[in-house]
Amino acid sequence: MKKQAAVLGLLAGLAFAAPAEAADMSCEGKRFVFFPGGPEGGSFASIVYNGAVLAAEHTGCQVDYVWSDWNPAKMVQQFKEAIARRPDGIALMGHPGEAALGNLVDEARSKGIIVTTQNVDLPDSEGKYKADGMGYVGATLYQAGSFLGQGTVKTCGLKSGDEALVWGLLGQEARGQRTKGVIDALEAAGVKVSYLEISDSTNKDAATGTPVFASFAASHPGLKAVVTDHGALTATLGTYLRTAGKKPDEVCGAGFDLSAATAQGIEEGYIDVVLDQQPFLQGYLPIVQLYLTAKFGFAGMNVDTGAALITAGNIDMVAPLAAEAIR
């Protein structure tokens, strides 16, 4: 009985003991650099930015934003400049690829700077530095392209021998994997694929591609579908098709990324299927990654955000969020 009383006394003492001092969760003194990728105000980049801003508010971290116009060479130079500023962490888009960025990631890590990626991954660098907080938030590029390509065949009712235009970015080592996935899926279904590379000017400002598409459509009267491997171009599909004299559903439109303009294009019948890679998460989660690693030493997370196809059948569920630049 004495032993039992002693144990009960010990438990009672623990139950009423003063709680341990709460862990410091503050992000005070931490400074990060974040790449939204595109031009300031761009349809896709703005959603990425909104996610990062909300994460900065939730964590209390100081974040500087760098806009790159989707230009890989510019991203490389800006990454060099960001490293020179010696922040605690950098959230980078991997469009330039491992050959251009791998050594710079090494340099950043040698200076104690955490690096993580969004939208386009750097798998070799991630493998080296995952334990040091290097993760990835975005679609698995080739698989995402293949998924949309298959969805385009199904949604558009494409048959063997039908012609489709893929307007993409094969010229970019890493980013081009998504374009390749689209093409491979279409060709596997017997679709005849014509290809256009997105120019630097159209990459930066989708409206400049309007005469390019109009000229292509005029010389390809049998065109059945167009796939734009770029969020801003997808948002502009309605303009492209109207300018080319096409009526809703005359040419099946497909592409990537939801936005208010893309939702409107779906509702109007100019866009038939879109892969939503949830860019808001590509902004929010990398800031959380940098915070968790800088503060608590967490390893890198790898989150696939590109798993949903949006069509006229489900656009009503997400259109209000697209209007708020959240989806």
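Rules used in this analysis
- Residues numbered from 1 in each chain as written.
- Predicted model: local features only at pLDDT ≥ 70, side-chain atom pairs only at ≥ 80, totals over all residues.
- Heavy atoms only, no water.
- Disulfide = S-S within 2.5 Å.
- Helix = DSSP H or I, 4+ residues; strand = E, 2+ residues; numbered from the N terminus.
- Buried < 20%, exposed > 50% of the residue type's maximum accessible area, 1.4 Å probe, protein only.
- UniProt positions renumbered as here; feature names shortened; annotations may be inferred.
- Pairing = 2+ DSSP bridges.
- Axes fitted to C-alpha atoms, helices over the stretch in contact; angles between N-to-C directions.
- Contact = heavy atoms within 4.5 Å.
- Right-handed = clockwise from strand over helix to strand, strands pointing away.
- 1 Å grid on protein atoms, 1.4 Å probe; cavity = no way out; pocket = protein on both sides within 12 Å on 5 of 7 lines; lining within 4 Å.
- Points joined across faces, edges and corners; volume = space filled by probe spheres on them.
- Nonpolar A, V, L, I, M, F, W, Y, C, P; charged D, E, K, R; others polar.

### Focus: the state of the cysteines
Now for step 1: One pass over the structure, following the stated rule, counts two disulfides.
Now for step 2: One disulfide in the model links Cys27 with Cys61; its S-S distance is 2.0 Å. Judged by the sign of its S-S torsion, about 100°, the bond between Cys27 and Cys61 is right-handed. In this pair, Cys27 is assigned in the loop between helix H1 (2-15) and strand S1 (31-34) and Cys61 in the loop between helix H2 (43-59) and strand S2 (62-65), connecting sequence segments 34 residues apart. There is no split in this pair, since Cys27 and Cys61 are both buried.
Now for step 3: Note that Cys156 is cross-linked by a disulfide to Cys252, the S-S spacing being 1.9 Å. Taking the torsion about the S-S bond as the criterion, the Cys156 to Cys252 disulfide, at about -70°, is left-handed.

### Re the UniProt feature "domain: Periplasmic binding protein" (unreviewed entry) in the chain
Now for step 1: Following the UniProt record, one finds the feature "domain: Periplasmic binding protein" (unreviewed entry) at residues 41-292.
Now for step 2: Across residues 41-292, helical content stands at 51% and strand content at 17%; the span's end C-alpha atoms are separated by 28 Å.

### Here we look at the sheet that holds strand S10 (residues 273-276)
Now for step 1: Here six strands make up an open sheet; going across it, the order is S7-S6-S8-S9-S10-S12 and the pairing mixed. Each edge of the sheet is formed by a strand with only one pairing partner; in this case those strands are strand S7 (192-197) and strand S12 (308-310). Taking the axes of each pair of neighbouring strands and ignoring which way they run, one obtains an average angle of 20° across the sheet.
Now for step 2: Across six bridges, strand S6 (residues 163-168) lies against S7 in parallel orientation. Pairing of Gly168 across the sheet is with Glu197, part of S7.

### Side note on the environment of Arg109
Now for step 1: Note on placement: Arg109 falls in helix H4 (residues 98-110).
Now for step 2: Along the primary structure Arg109 and Gly89 are separated by 20 residues, whereas in three dimensions their C-alpha atoms are 9.5 Å apart.
Now for step 3: Setting aside residues no more than four positions away along its own chain, Arg109 makes contact with Ile114, Tyr129 and Asp132.

### Quick notes on the pairing of S10
Now for step 1: Burial of S10 is two-sided: the residues Val273 and Leu275 facing one way and the residues Val274 and Asp276 facing the other way are all buried.
Now for step 2: Where strand S9 (residues 252-256) lies against S10, three bridges are found, and the strand directions are parallel. Residue pairing in the sheet places Gly255 in a bridge with Val274 of S10.
Now for step 3: Handedness of the β-α-β unit built from S9, helix H12 (residues 260-268) and S10 comes out right-handed.
Now for step 4: Across three bridges, S10 lies against S12 in antiparallel orientation. By the bridge assignment, Leu275 is partnered in S12 with Leu309.

### What to know about the layout of surface pockets
Now for step 1: In this model, the largest pocket occupies a volume close to 170 Å³.
Now for step 2: In this structure, the largest pocket is lined by Gly97, Glu98, Asp121, Leu122, Pro123, Thr140, Leu141, Glu173, Ala174 and Gln177.
Now for step 3: Across the lining of the largest pocket, the residue classes tally to four nonpolar, three polar and three charged.

### With respect to the sheet that holds S1
Now for step 1: Read from one edge to the other, the open sheet built from six strands follows the order S2-S1-S3-S4-S5-S11, with strand pairing classed as parallel. Looking at the sheet topology across the chains shown, the edges are occupied by S2 and strand S11 (302-304). On average, each strand axis in the sheet is tilted by 20° relative to the strand beside it, whichever way the strands run.
Now for step 2: Across three bridges, the pairing between strand S5 (residues 136-138) and S11 is parallel. Pairing of Gly138 across the sheet is with Asp304, part of S11.

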